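This is what each chain is made of:
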2 protein chains.
Amino acid sequence: MNKFEQACNILREKNCDGWLIVCNEQSDIHSEFMLGIKTHGRHYIFIAADGHHAVFSVPMEAFMIKKALDHQGIQVNVEVYENMGELKNKLRKILNNKRIALNYGKIFNSKDNTEYADYLRVGDYFALNSLAYNVEFISAAPIIYQLRMIKNEKDLEDLRETCKVTMEILNTLPDWIKIGMTEKEIKARLEHEYLKIGEPSFETIIASCVHSADPHHNTSQKKIKKGVLLIDTGVRINQMCSDITWTFWVGSKPPEQFIKAYSILLKAKEISLEYYKDGEKNCTPALKCREYLRKEGYNPDELFIHGLGHSIGFQVHDVGARISKSVSKEEILKENMVYSNEPGLYWKNQWGIRIEDDIIIKKEKCERVTLAPKDPLLI
Amino acid sequence: MNKFEQACNILREKNCDGWLIVCNEQSDIHSEFMLGIKTHGRHYIFIAADGHHAVFSVPMEAFMIKKALDHQGIQVNVEVYENMGELKNKLRKILNNKRIALNYGKIFNSKDNTEYADYLRVGDYFALNSLAYNVEFISAAPIIYQLRMIKNEKDLEDLRETCKVTMEILNTLPDWIKIGMTEKEIKARLEHEYLKIGEPSFETIIASCVHSADPHHNTSQKKIKKGVLLIDTGVRINQMCSDITWTFWVGSKPPEQFIKAYSILLKAKEISLEYYKDGEKNCTPALKCREYLRKEGYNPDELFIHGLGHSIGFQVHDVGARISKSVSKEEILKENMVYSNEPGLYWKNQWGIRIEDDIIIKKEKCERVTLAPKDPLLI
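Because the structure is predicted, anything quoted here is derived from the model rather than measured.

1. Concerning the overall build of chain A
Okay, step 1: Within chain A, the regular secondary structure consists of 12 helices and 17 strands.
Okay, step 2: Its C-alpha atoms give chain A a radius of gyration of 23 Å, near enough to 21 Å, the size a compact globule of 379 residues would have.
Okay, step 3: Here chain A, with 379 residues, has 52% of them falling under the buried criterion.
Okay, step 4: Contacts in chain A between residues at least 24 apart in sequence constitute 66% of all its contacts with a sequence separation of at least 6.

Structure below.
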């Protein structure tokens, strides 16, 4: 069953006439999700409950969109619009007197935060509202959740392959990273490998020494020297992302405090992974991880300044609730969800450490699709 | 004057109390524009007319944001929020009883289309509306236009340097492109160069043979062979983007139809550039270009399926109106705007050709900051 058919079934369940995806300059990732290609022009994808799907595109991309859909065997009417008047008429026709799902989410809602669905922009929303007659717009969050949160076997096979390839590339790091290379040079070399086979899942973070104290450091022109080297990176192949962080010590003799923190963090990881399984609350692995860190003398409130995990898949930060101490207790992990596991410790303005792997949630115990090194020595 | 001070001045002119930028997972490019760094967590940037600026950030990125602002000598109160309740209270305080600009634009508005300002998402807009008391929200489009449309001397110097570096990299293409390389390999090698010094402005398009018929072809694993090779690429250094398309003929003897199309397109480019100057209407260069193509026997309505140019700067598709036949006649080019000039011809399912350079609008005649090759022979 292709994605249009899947979406169609959900629309019928929800008693909804259609799902409209508005995309301009890649503003909504669900365009790529449905079409299988990246576009730039303003276009509208209408998935109709009755199967009469349509795409309205500028001339320059219409043919490419048609080919991409044909390639997947999906029947969609791809229509070119030449100006705004034409576009408005086409939109009116599909919207009037209908119940339509749009990609907006709820923010600031502790029990049902659906910001993962929040893509539609305000100007576009006003424009659609001013256009159509007797239309009811509803949030597409349940559709997006159902399509993307739990992965199917094909997705999981692709994810395993992506993770395997990422590990192979990262395993070459000790062969070529040298003191004196810049952070950007390391990033460039890694992403060069990714680009030959896919694309980076996100902008690689290379953080040397004090830069590792910032979990989301922007990779710089600073040269690598003796000390901590944190690498947070991932590749996207067949629309499945990996997300891995390895923290190394560059130089021969890591100080005791680094060795200790590394081994405690590895242990915290093992403990939390016991709770990465079907039926557990999303908050539990995070709470267990923090409890252990605290017991070992690392105050997580000061040192572990982010969540333990996020959903991974089509995007590196995929749909659904995070694994974190503050997530609603009603969020439950389910089989074939995919999550990161990334405990970290950060001493502000000094250094930081994070060890991240990717995990498939299973019934009895999780499936680890990446494996961070036990030994943090790099050079 | 830094960007916060510039924005402050505009806010006072517009009788507006503040400009609020909402950003989550890089949803609004104006976060990077104001802070100078890229972030992932949900954060709010408040530029206050009275100078009491604030940023509300998650713990993991607050310190990095503070450092980035300090580095630019900008006084901003960076406050951490630990949960949604705290965040809501902070937002209420700055919004209540105020007139606040938000990043939304007007779509479907032929005379005043401001989609370049449309970043705020619907869920976020609803959340802000439900939160504050007696607040008036207005579009930040005029602020964004004033800050970004006309470039200052520093921007232009950076742009010239970016373009010079891009040309140097592209000039090496004939040395290393070989028949049998994949499109992705060429993209990877180019972007590897960019990543060492900056980042790609956008995803490089490498389109071999029939792929060149799609102006926005998604670079594939197809091997390069004899025929057309279209390369659309650019680098971003110091937050200034280049955007260049060169079309080559791979192999020794290009057919007459390719040689003819190439030379006509080069000439169309020269003709249109006469109108890339201060005071001209945005539509004029496009109309002149199309007129010439038609005269030479190439029907632009069928073959030239996109606009002639777009604004370039902080983003590769920067703010402001395009240069196109269908843009409002009220749009006028002004000194120190930066635009692409990219005539193209495409024969569906056969091949295409596009020649693109970057241009600074000046009083008497434009300044060309890139120069496409006169000779399209590659190998």
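2. Remarks on the interface of chain A and chain B
Okay, step 1: The partner chain B presents 49 residues to the 49 residues of chain A that form the contact.
Okay, step 2: Broken down by class, the residue content of the side of chain A that touches chain B amounts to 18 nonpolar, 14 polar and 17 charged.

3. Topic: the relation of the copies chain A and chain B
Okay, step 1: With an axial shift of 0.0 Å and an RMSD of 0.0 Å, the rotation relating chain A to chain B amounts to 180 degrees. Taken together, the turn and the small shift mark the pair as related by a two-fold rotation axis. Distance from the rotation axis, computed per C-alpha, reaches its smallest value in chain A at arginine 121 of chain A: 2.1 Å.
Okay, step 2: Of the residues that chain A buries at the interface, 100% are likewise interface residues in chain B, meaning the two copies contact each other through the same surface.

4. Topic: unusual backbone geometry
Residues and elements named next belong to chain B.
Okay, step 1: Phi at glutamine 26 is positive, roughly 60 degrees, even though this residue is not glycine.
Okay, step 2: Secondary-structure assignment places glutamine 26 in the loop between β1 (18-23) and α2 (29-35).
Okay, step 3: Residue class for glutamine 26 comes out partly exposed when judged on the 13 C-beta atoms lying within 10 Å of it.
Okay, step 4: Positive phi, close to 60 degrees, is recorded for asparagine 97, a residue that is not glycine.
Okay, step 5: Within the secondary structure, asparagine 97 is located in the loop between α4 (84-95) and β5 (99-102).

5. A short note on the confidence of the model for chain A
Regions with low pLDDT should not have their predicted coordinates read in detail.
Okay, step 1: Confidence along chain A averages 96 in pLDDT terms, with 100% of residues attaining 70 or more.
Okay, step 2: Interface confidence for the predicted complex, given as ipTM, is 0.96, next to a pTM of 0.97.

6. Details of the domain arrangement of chain A
All names here are of chain A.
Okay, step 1: Domain annotation of chain A identifies domain 1 (3-148) and domain 2 (153-368).
Okay, step 2: The distance between the C-alpha centroids of domain 1 and domain 2 comes to 33 Å.
Okay, step 3: Put simply, the parts of the chain that give the side of domain 1 that touches domain 2 at least two residues each are α2 (29-35) and α6 (141-148).
Okay, step 4: The element contributing the most residues to the side of domain 1 that touches domain 2 is α6, with three residues.

7. Comments concerning the sheet that holds β5 of chain B
All names here are of chain B.
Okay, step 1: An order of β4-β3-β2-β1-β5-β6 is seen for the six strands of this open sheet, with the pairing classed as mixed. Unpaired on one side and paired on the other, β4 (77-80) and β6 (136-139) mark the two borders of the sheet. If you compare each strand with its neighbour and ignore which way they point, the axes differ by 25 degrees on average.
Okay, step 2: As paired elements, β1 and strand β2 (residues 43-48) share six bridges and run antiparallel to each other. Its bridge partner being in β2, glycine 18 is matched across the sheet by alanine 48.
Okay, step 3: Across the face of the sheet, helix α3 (residues 59-71) comes into contact with β2, β3 (54-57) and β4 while running at roughly 175 degrees to β4.

About the thresholds
- By convention here, each chain's residues receive numbers from 1 onward along its written sequence.
- All chains are assigned letters beginning at A, and all ligands numbers beginning at 1, according to the order in which they are written.
- Since the coordinates come from a predicted model, pLDDT governs what is reported: local features require at least 70, and pairs of side-chain atoms require 80 or more to be given and counted, while whole-chain, interface and lining totals use all residues.
- The numbering of helices and of strands both runs from the N terminus, where a helix is a DSSP run of H or I of at least 4 residues and a strand a run of E of at least 2.
- For a compact globule the rule gives 2.2 Å times the number of residues to the power 0.38, and the radius of gyration it is set against comes from C-alpha atoms.
- Here the C-beta atoms are placed from the backbone, and a residue counts as buried if at least 20 other C-beta atoms lie within 10 Å of its own, exposed if 12 or fewer do, and partly exposed otherwise.
- This entry defines residue contacts through backbone-placed C-beta atoms, with two residues in contact when those atoms are within 7 Å.
- Residues are grouped as follows: Ala, Val, Leu, Ile, Met, Phe, Trp, Tyr, Cys and Pro are nonpolar; Asp, Glu, Lys and Arg are charged; every other residue, Gly included, is polar.
- Least squares is used to superpose the copies, and the fit set is the C-alpha atoms of residues whose pLDDT is at least 70 in both copies.
- Per residue, pLDDT captures the predictor's confidence, and it can take any value from 0 to 100.
- Annotation comment: domain bounds sourced from an automatic or database domain assignment.
- Here, a strand pair is defined by DSSP locating no fewer than two bridges between the strands.
- Lines fitted to C-alpha atoms define the axes here, with helix axes fitted over just the stretch in contact, and angles between the N-to-C directions of these axes take values from 0 to 180 degrees.

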